[in-house]
Structures are given as C-alpha cells and as structure tokens.
Amino acid sequence: MAGLAIRKLCKSFAGRIVLDHLELSVDPGQLVVLLGASGSGKTTLLRLIAGLETPDAGEIAIGGREVGRLSPRQRNVSMVFQDFALYPHMSVGDNIAFPLRGRKFSRAQVASKVADVAEKLGLEALLDRRPDQISGGQQQRLAVARALVRDSQLLLMDEPLSNVDVRRRDAMRYELRSLQKEFALTVLYVTHDQTEAMLLGDQIAVIDRGVIQQMAPPDVIYDQPANRFVAQFIGSPPMNFIPDGRAGLLGIRPEDLSFRSAGEDDLKIDGVVDAVQCLGSHNVVHLRTDEGPVAVIVDRQQRVELGEQLTACAARCRLHRFATSDGARLASPLI
Ligand SMILES: Nc1ncnc2c1ncn2[C@@H]1O[C@H](COP(=O)(O)OP(=O)(O)OP(=O)(O)O)[C@@H](O)[C@H]1O
C-alpha cells in the first residue's frame, strides 16, 4: 500500500469552516488513528480523501500522486464504515469479488483473485456463507479482503467497531492490528474513543475544530501533550489543571498524584474528599480544593473516607505546564 500526504486542506459547509489548513501524513504500512470529538471534521476528512467531497483548497497525495482531480474509483482507496458495510444479501465470496465488478477481469481471473485473498485471510471455508453467518472478527477480515482484492493504496476506516459488543471489541482491535502489520496496510482509522486510539495507532492525530492539534505515537501524546486540549482529551479521568501563578496552568495526571509525599520539593494540594469511585483495578478519589476539583488514582487497599482532609502530592518532574493564553505546552516547571 502507499503513503498519504495532506497539505493545507480546507473545507467549509455553508460558510462554516470544518477543515482549516489541515496537514496530515501517513507513511506506507502505518496505522494512524484520527481521534476527535463529534463534529471535529473526521468523517469530512475521510470523504475528501476518498473523493466523495471536493476540497475548497489544499492538496491530497496518495503514493506521491496528487489525487485532487481524480474520481473516487481512480484514487483506489477502500473505505470501511460502521459494521464494515458488507452486502448482507451477498455471499462472502461475492462480497470479496464486488470491488472487481465493472473492471476488465474475466470470470476466471475474478475467481482466482478471490480464492487467493480468501486463503490469505483464512476465509476460504466461508465463501458461501452470508455476512450474518460469520463472526465479527471474520467480518472484519472480509472487509480487509475487499481492500486487498482490488490492490487498494489506502484503507480508510470510520469507526468500524462502534457497534461491536464491548467484550468482542478488544479481540477485534487486536486482530485488526495483526492484519495491518501482516499485510503492511496503510490505514487512516477514525474514532472518538481514546482507548481505541491508544491501542491501535502507530501514531495518533488529535483533531479539534478542523486542525490537527498533535500527531505523535500514543506514549508521546500521553506523556508530552502539545497543548491543553490534547492533555485533557486523552486520559481517564482527565488531567487535573490548577493555576500556576506564572500566567500558566499546571497539569497533573491523576495517577501522578498520591497521598504519600515522597520528596520535600513535591507539589502539594490540600483538599477534602468529595467522592470515591471504585473502578475495579483502582479507586479514583475526587478532592474539593481551593484550586478546583482534583482527581487522584489510588490503590483499592488505601482507605479513604468521605469528608476526610487530605494532601495530594506530585513529584515536580511529573508536572505539565501550559500557557493560559493559548493552552500551548510550556517547558516543565523544573527547567
Ligand atoms: N454535507 C454537509 N453539509 C453541511 N454540513 C456538514 C456536511 N457534512 C458535515 N457537515 C458538518 O461538518 C462538521 C463536521 O462533521 P464530520 O461528520 O466531519 O464530524 P465528525 O468528526 O466525523 O463527527 P462524528 O464523530 O459525530 O461523526 C459538523 O458540524 C457537520 O454538521
């Protein structure tokens, strides 16, 4: 598969800016997750790449070739939507063959390509079944088979797992990741689910109001968020923010706070326990403080009473600093 490069892409609907000089690139064989809230422009971006919408300005190149003027078919991009958009009335075999319809292939060539791809994806015993007669994981493989059979350059996925049972979803994410690696698929995967983004992406591109706020590997997005928006979008419960005094905001992840002080120099926040949530593997303690609400993740063993006065502490090296003006990340307070 090929790489994708987008430069200064703009799109408005009825005078409302949806994509604002957006820049994004996906290397060949990489899975980039486009993560953003509802209405941030994710689907619009996919539709522009696929050629289903026309940009107002900007460039879209697939495999180094500008595709802005090409029809959707000429772009050779596969798009997978919710529930994989399989044809329910067609057999698995016909679903795989469908993208080859209308192309100049003989019956025998189509049959051979379908057999080849079905074998690669372990679907060969299922070719006569209908999509509702195969498992969710097999449906996902069928969607990938349809992209491979037509030698797609790029796979665009728009929340394909959103209707999948929560218990199955983990296994399907794992399988998608394996398929993507095995076949070196270039994938741009849209979701609003931060856990999904962290689990799937080689890189996560966080989008807000039509602009990519940060694109980086998941651990970098989490450990060095480029601005306040990214910092609070990723992490559960979200990062705490308290005023810094120096025209800035301090950001502290709930797991970086504890009620046991480790060092003289620790940041200390006094508060009263407002609520304690049990999340199975750990508890979240919500403090009411003079700086606003603060969440602290603690061991289940640690006994904390409602109304108790406590001091939450964090090592200075774990703090993040952001400008109050535009939310941009500043050097850490220690530097
Ligand atoms: N064809 C259209 N005409 C007018 N407005 C549109 C059109 N398509 C999208 N929009 C608007 O553009 C904005 C971005 O929509 P888009 O579907 O790209 O968001 P999204 O990030 O995919 O959201 P969601 O996660 O809810 O699907 C929304 O405010 C939407 O109403």
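For the protein chain, the name recorded in an unreviewed UniProt entry is sn-glycerol-3-phosphate import ATP-binding protein UgpC, with Rosistilla oblonga as its organism.

Participant: Sorry if this is basic, but what is going on with the side chain of Gln-138 here?
Facilitator: For Gln-138, the location among the structural elements is in helix H5 (residues 136-149). Here Gln-138 is in contact with Leu-123 and Leu-126, once residues within four sequence places are set aside.

Participant: Would you take a moment to explain the site of the ligand for this structure?
Facilitator: Residues in contact with the ligand, as listed here, are Phe-13, Arg-16, Val-18, Ala-37, Ser-38, Gly-39, Ser-40, Gly-41, Lys-42, Thr-43 and Thr-44. Contacts to the ligand include Arg-16, whose side-chain N or O atom sits 3.0 Å from an oxygen atom. At 2.6 Å from an oxygen atom of the ligand is found a side-chain nitrogen or oxygen belonging to Ser-38. Isolated, the ligand exposes 630 Å² of accessible area, and the fraction of that covered by the protein chains is 58%. Counting only elements with at least two residues in the shell around the ligand, the list comes to strand S2 (16-26) and helix H1 (42-50). A breakdown of the residues in the shell around the ligand according to their chemical character gives three nonpolar, six polar and two charged.

Participant: What is the right way to read the sheet that holds strand S4 (residues 57-62) from this model?
Facilitator: Sheets are built from strands that pair by backbone hydrogen bonding, the pairs being arranged parallel or antiparallel. An order of S2-S1-S4-S5 is seen for the four strands of this open sheet, with the pairing classed as antiparallel. One side of each edge strand has no neighbouring strand; the edge strands of this open sheet are S2 and strand S5 (65-66). Of the strand pairs in this sheet, strand S1 (residues 4-13) and S2 are connected by seven bridges, and their pairing is antiparallel. Of the residues in S2, the one forming a bridge with Ile-6 is Leu-24. Against the sheet, H1 makes contact with S1, S2 and S4, and its axis sits at roughly 115° relative to S1, the strand it touches most.

Participant: Before we go on, may I ask you to explain the pattern of salt bridges in this structure?
Facilitator: Close approach of charged atoms allows side chains of opposite charge to pair. Per the counting criterion, the structure on display carries 16 salt bridges. Note that Asp-132 is salt-bridged to Arg-130, the shortest N-O span being 3.3 Å. Among the residues examined, Arg-130 registers a relative accessible area of 35% and is labelled partly exposed. Of the charged contacts, one joins Asp-170 and Arg-173 as a salt bridge, the two residues approaching to 3.3 Å between their closest N and O atoms. Residue Asp-170 and its partner Arg-173 are both found in helix H6 (residues 166-182); the two are separated by three residues, about one turn of the helix. Taken together, the salt bridges that share partners define one network made up of Asp-170, Arg-173, Asp-193 and Glu-196.

Participant: Help me understand the environment of Arg-169 in this model?
Facilitator: Here Arg-169 is to be found in helix H6. Owing to a relative accessible area of 18%, Arg-169 belongs among the buried residues under this scheme. For the pair Arg-169 and Gly-137, spaced 32 residues apart in sequence, the C-alpha to C-alpha distance is 9.2 Å. Those residues in contact with Arg-169, other than ones at most four positions away along the chain, are Leu-161, Ser-162, Val-164, Asp-193 and Glu-196.

Participant: Would you mind going over the domain arrangement of the protein chain with me for this structure?
Facilitator: Where the parts come together, the accessible area they lose is often given as the size of the interface. With domains assigned, the protein chain is organised as domain 1 (4-229) and domain 2 (239-330). Computed from C-alpha atoms alone, the centre-to-centre distance between domain 1 and domain 2 is 38 Å. With eight residues of domain 1 at the interface, the matching set in domain 2 holds ten residues. Between domain 1 and domain 2 the total buried area reaches about 730 Å² when both faces are included, carbon and sulfur atoms providing 53% of it. Considering only the side of domain 1, the residues that lose the most area to domain 2 are Tyr-222, Pro-225 and Arg-228, jointly responsible for 70% of the buried surface there.

Participant: Can you help me understand unusual backbone geometry in this one?
Facilitator: It is generally the case that most residues other than glycine have a negative phi and that most peptide bonds are trans. A cis geometry characterises the amide bond from Ser-236 onward to Pro-237, with omega recorded as -5°. Of note, the phi angle at Asp-151 is positive, near 55°, even though the residue is not glycine. Tracing the backbone shows Asp-151 in the loop between H5 and strand S7 (154-158). In this structure, Glu-159 takes a positive phi of about 45° despite not being glycine. Note on placement: Glu-159 falls in the loop between S7 and H6.

Here is what the cut-offs are and how they apply
Residues numbered from 1 in each chain as written. Predicted model: local features only at pLDDT ≥ 70, side-chain atom pairs only at ≥ 80, totals over all residues. Heavy atoms only, no water. Helix = DSSP H or I, 4+ residues; strand = E, 2+ residues; numbered from the N terminus. Contact = heavy atoms within 4.5 Å. Near = heavy atom within 4 Å. Polar contact = N/O pair within 3.5 Å; in protein donor to acceptor, adjacent residues only side chain to side chain. Areas by Shrake-Rupley, 256 points an atom, 1.4 Å probe, with all protein chains shown as cover. Nonpolar A, V, L, I, M, F, W, Y, C, P; charged D, E, K, R; others polar. Pairing = 2+ DSSP bridges. Axes fitted to C-alpha atoms, helices over the stretch in contact; angles between N-to-C directions. Salt bridge = Lys/Arg side-chain N within 4 Å of Asp/Glu carboxyl O. Buried < 20%, exposed > 50% of the residue type's maximum accessible area, 1.4 Å probe, protein only. Domains from an automatic or database assignment. Buried area = accessible area lost by both parts, 1.4 Å probe.

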